[in-house]
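# Inside the fold
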Amino acid sequence: NDKSWRKPENKFPSETGQGSSQNRAAFQQNGRWIRNNWSHSNREESHSSDSEKRSFDKGKLTRGTRGTNFVASGNEKGVGDSRLSSDSACPECDKAALKVTRLEERYAKLESQNKDLERENRKLLAQLDRYARSVGALKRELEESKSHLVSSKRREIVAMRKLDSLEAAHEEKKKEDERTRIKDMEDREAVKLAKIQPLVDSLYDNMVDEVMEKLVSQGHMVETEHDTDEVAQGSLHRVREGIWKEAENLSPEQIQSVPYDDISPRPQHFFSDPPDNSERPFVPRCTEKPHAVAPFDQQLYRQQPWISPYQAEIQQLKYIEAQLSRPSVLHPFENMDEKENWTLVDTVEGLQNMIIRLSAPSVTELAVDLENNSFRSYQGFLCLMQLSTREEDFIVDVIKLREHIPHLARFFADPRLVKVLHGADNDILWLQRDFGIYVVNLFDTGQAARVLKYESYSLAYLLERFVNIKADKSHQTSDWRKRPISEAMLRYARQDTHYLLSIYDRLRNELLDNSVSHYEMFPTDSAQLLVYVLNRSAQICLRTYSKDALNQQYVVEMIRYVQHRYMAEHVIKAFL
């Protein structure tokens, strides 16, 4: 047996040109057998359930009984025994057998992985089944919860209707109790009046005689419905009994022509622009517009005086963050009597110094109050202006400085300066009437008290609630025209603004604290109530002044008002 062709260094016979056709045929037959044997072995292994033992021994492949088949199938195909004997060594066969072994190992791994995947798949299916059962249970629970919610909502609606009916009944009972209380109070007042009726009748008779004699002596009563003959024939008694009713029949011209016996000085006679008591419409006094956003058309302003020239500035005002939040420092109340940090401004030089102090960057809030003379004047005019910053108070004599007060208009129109007033409805109109001053960025503490639903909306109540002081209101109707101003009146005037900024801080806190409870009314703003008060204050700033028409109805209301005041003063003096 020639084995030289199997050595690595020897070339194949076909390459050397040596060897016979028999050797080439045997070589080709060998290759065909190896391929056939591999495919036959793979088919058997794919259908076999037994594990077979594989081993390599000295470069020869042994596969149990398949080794015998290896040689036999070679002999059956006519391949020589000398080249396919069991002790022959073929490197290609060894490599092929190694590849087969590796493929079988890889196949076994894949089978193992497949089994693991199947087990994992079964686990996932079981878990998915559990999830499906859980989702079904949750869906049933959701349906039950929805049903319970609908039934609860229905019960809530029924309860709310019952509550509304109960509240309506309670409100009706409160109204009935209030009517009963008022009736009882009227009965008590009637009993008290019955006791003092003789005194009131005596006072009334004296008053009627006095007024009647004055009117008759001036000839005004003769011009009424009763002629001279009726008066001469004894109608004097009837006129005395119905003096106030007769006075209501006086015409506006007769009322204006009655001499006024007030001996107090009339400073309006010395004004460069005295009040216009005629029936002509009010002519606005504004001639310039500081801090303007929209241009100032003075001609249009005079043609349409019912529209505020600062309408655009008030409606487009954007409040800064500090104004809509809590104060950084809550200043304690400083006793007004312990600090003498106030100034009486009654000269032009004093007014200039005050303007310089108000122009300081630290002044961001300004408390304002006014004292108006209306009871002793037909149109009325301002007599005093109180201004307070965080540091000091100013009391301005606007009678002496009337011509120079319009220089303060820039402070009142400044949108960066918060003006704090209490009950500013009339103050806004008085500033327009006398000085042509308009207010931008107002906080009305009276409106805040209304929104917070306090027991009272007066400044006296706020002073008692926050400062714990009892306000002296004895000078509320005093004659503020008198000069010099008394110490008591100055103290009263200063008290109105000295504590107002500290009250303003506490009102802001309460408005912010109460905004949560009013969320349903104002769901889009975190400072709902505070902004609401500012908006209501802005509506007050949009009001414009106009003169009251002097007609018969106005005369009747004025006569009744004078009658009430006159009677009240005489009764009080009688008891004092």
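Computed from a prediction, not measured in an experiment: that's the story for all the values here. (Residues numbered from 1 in each chain as written. Predicted model: local features only at pLDDT ≥ 70, side-chain atom pairs only at ≥ 80, totals over all residues. Heavy atoms only, no water.)

### Comments concerning the nonpolar core
Quick reminder of the rule: Within this scheme, the nonpolar core is defined by two criteria: the residues are buried Ala, Val, Leu, Ile, Met, Phe, Trp, Tyr or Cys, and they are joined through side-chain atoms within 4.5 Å. When accessible area is computed with a 1.4 Å probe and restricted to protein chains, residues below 20% of their type maximum are described as buried, those above 50% as exposed, and intermediate ones as partly exposed. For this analysis, residues touch if any pair of their heavy atoms sits within 4.5 Å.
Counting 72 residues, the largest nonpolar core has M385 and F443 as the members making the most contacts within it. Excluding anything up to four places from it in sequence, M385 contacts D369, L370, F394, I395, V396, V398, I405, L408, F412 and L431.

### Points about the pairing of strand β7 (residues 418-421)
Our working rule: What counts as a helix is a DSSP run of H or I of at least four residues, what counts as a strand is a run of E of at least two, and both are numbered from the N terminus. Strands are treated as partners if at least two bridges between them are detected by DSSP. Consider the strands pointing away from the viewer: the crossover is right-handed when the path from the first strand over the helix to the second runs clockwise.
Burial of β7 is two-sided: the residues V418 and V420 facing one way and the residues K419 and L421 facing the other way are all buried. Relative to strand β8 (residues 442-444), β7 is paired through 3 bridges, and the arrangement is parallel. Its bridge partner being in β8, L421 is matched across the sheet by D444. Crossover handedness for the path β7 to helix α12 (residues 425-435) to β8: right-handed.

### Considering the confidence of the model for the protein chain
For clarity, the cut-off: Per-residue confidence from the predictor is reported as pLDDT, which spans 0 to 100.
The predicted model of the protein chain has a mean per-residue pLDDT of 76, with 65% of residues at 70 or higher. In the predicted structure, residues 220-241 sits below a pLDDT of 50 and forms 29 contacts with residues beyond four places in sequence or in another chain. Residue range residues 570-576 is modelled with pLDDT below 50. Its contacts to residues more than four positions away, or to other chains, number 7 contacts.

### Quick look at the pattern of salt bridges
Put simply, the test is: Think of a salt bridge as a Lys or Arg side-chain nitrogen and an Asp or Glu carboxyl oxygen that are within 4 Å of each other.
In the structure shown here, the tally under the stated rule is 28 salt bridges. Here D337 makes a salt bridge to R491, at a shortest N to O gap of 2.9 Å. In this pair, D337 sits in the loop between α9 (311-315) and β3 (342-345) while R491 sits in helix α15 (residues 487-498), placing the two residues 154 residues apart along the sequence. Taking the relative accessible area as the measure of exposure, R491 reaches 39% and is therefore partly exposed. The salt bridge partner of D479 is R481, with a shortest N-O separation of 2.8 Å. Comparing D479 with R481, the two get one shared label, buried. One network of salt bridges, in which partners are shared, links D273, R285, R402, R433 and D434.

### Comments concerning the environment of Q528
Within the secondary structure, Q528 sits in helix α17 (residues 528-541). Note on Q528: relative accessible area 6%, which makes it buried. Note: C-alpha distance between Q528 and L511 (17 residues apart in sequence) is 8.1 Å.

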